[in-house]
Amino acid sequence: MSGGIFVIRDDGEFVELVEEPYASEDLLQGYLANYPNLLAGDQIDAAHPRRWLLVSREFHVSSDESDVGWLDHLFLDQDGIPTLIEVKRSTDTRIRREVVGQLLDYAANAVLHLPVEIIRSRFEMRCEREGRSADYELLGLLGVDSEPEAFWTQVQDNLRVGRVRMVFVADVIPVELR
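We now turn to the structure provided with this report. (Residues numbered from 1 in each chain as written. Predicted model: local features only at pLDDT ≥ 70, side-chain atom pairs only at ≥ 80, totals over all residues. Heavy atoms only, no water.)

**Considerations on the sheet that holds strand E4 (residues 67–77)**
Strand pairing in a sheet takes place through backbone hydrogen bonds and is either antiparallel or parallel in direction. As a reminder of what qualifies: Between any two strands, at least two bridges found by DSSP are needed for them to pair. Here a strand is any run of E in DSSP of at least two residues, a helix any run of H or I of at least four, and the numbering for each starts at the N terminus. All axes here are fitted lines through C-alpha atoms, helices being fitted over the stretch that makes contact, and every angle between N-to-C directions spans 0 to 180 degrees. For this analysis, residues touch if any pair of their heavy atoms sits within 4.5 Å.
Here we have four strands laid out as an open sheet, ordered E3-E4-E5-E6, and mixed in their pairing. Here the strands that pair on one side only, and so sit at the sheet edges, are strand E3 (52–62) and strand E6 (165–170). Strand after strand, the sheet turns through a mean of 30 degrees between neighbouring axes, direction not considered. Here four bridges tie E4 to strand E5 (residues 82–88), and the two strands are oriented antiparallel to one another. Following the sheet pairing, Leu 76 is matched in E5 by Pro 82. Helix H3 (residues 98–113) contacts E3, E4, E5 and E6 of the sheet and is inclined by roughly 155 degrees relative to E5.

Take a look at the structure:
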């Protein structure tokens, strides 16, 4: 047997999965939104793996003076650390240089100009749009004995001191970006 990955179909047949590039950036973004554990939280902190709460896809970032752009995803982890995700396909030539500046710009403006009330509102709007309970999702991240208000205060404190995480996601990360 090779080092491939296999699935077993309902009829018992083994099927080898074949690696293919993503057909579109939107497809990869959708996978991240629906399956946030693809963000391998154990690689960030093996002792306390990160768990993820999707605030929103296509999160608008702006400053007092200008429109900065649209962040692909904004997640929060269980410690209230905003995690900014930028998704690119390896065929996008901007992945080698432009994406780094783009994400740094989003992070700098989020720290300076993004109030926690906007983050919370976007999270609640996403949940409502998807027919989900925001309280239930938050308790799923934090645990049933948690204090949701303390969590949102922690998000605000993290933004105030510039504690954010930036993650690049791509089908292949080029050496230049690593």
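**So, the pairing of E5**
Which entries qualify depends on this criterion: Partly exposed describes any residue whose relative accessible area lies between the buried limit of under 20% and the exposed limit of over 50%, with all areas from a 1.4 Å probe on protein chains only and scaled to the type maximum.
Of all the seven residues making up E5, seven are buried; the element is thus mostly covered by neighbouring parts of the structure. Burial of the side chains of E5 extends over both faces: Pro 82, Leu 84, Glu 86 and Lys 88 are buried on one face and Thr 83, Ile 85 and Val 87 on the other. The turn joining E4 and E5, which pair antiparallel and follow one another in sequence, is formed by four residues; a positive phi near 75 degrees is taken by Gly 80.

**Quick notes on the packing of aromatic side chains**
Note the following rule: Working definition: rings of Phe, Tyr and Trp (its six-membered ring) pair if their centres are within 6.5 Å, and the pair is stacked with planes under 30 degrees apart, edge-to-face with planes over 60 apart, and tilted otherwise.
Counting across every chain of the model gives four aromatic pairs. Between the aromatic rings of Trp 52 and Phe 75, the centroid separation amounts to 6.3 Å while the plane-to-plane angle is 70 degrees, which identifies the pairing as edge-to-face. Of this pair, Trp 52 sits in strand E3 while Phe 75 sits in strand E4; the two residues are 23 residues apart in sequence, bridging distant segments of the chain. Ring geometry for Phe 151 versus Trp 152: centroids 5.3 Å apart, planes at 75 degrees, classification edge-to-face. The class for Phe 151 is buried, based on a relative accessible area of 4%. One aromatic cluster in this structure is built from Phe 123, Phe 151 and Trp 152.

**Quick notes on the pattern of salt bridges**
Applicable threshold: For this analysis, a salt bridge means a side-chain nitrogen from Lys or Arg found within 4 Å of a carboxyl oxygen belonging to Asp or Glu.
Scanning the model with the defined rule gives 15 salt bridges in all. The salt bridge partner of Asp 77 is Arg 165, with a shortest N-O separation of 3.1 Å. Here Asp 77 is found in strand E4, whereas its partner Arg 165 is found in strand E6, with 88 residues between them in sequence. Note on accessibility: Asp 77 and Arg 165 belong to one class, buried. The residue Arg 126 makes a salt bridge to Glu 137 at a minimum N-O spacing of 2.7 Å. Taken together, the residues Arg 126 in helix H4 (residues 116–129) and Glu 137 in helix H5 (residues 134–142) connect sequence positions eleven residues apart. Each of Asp 45, Arg 50, Asp 77, Asp 79 and Arg 165 takes part in salt bridges that share partners, so that together they form one network.

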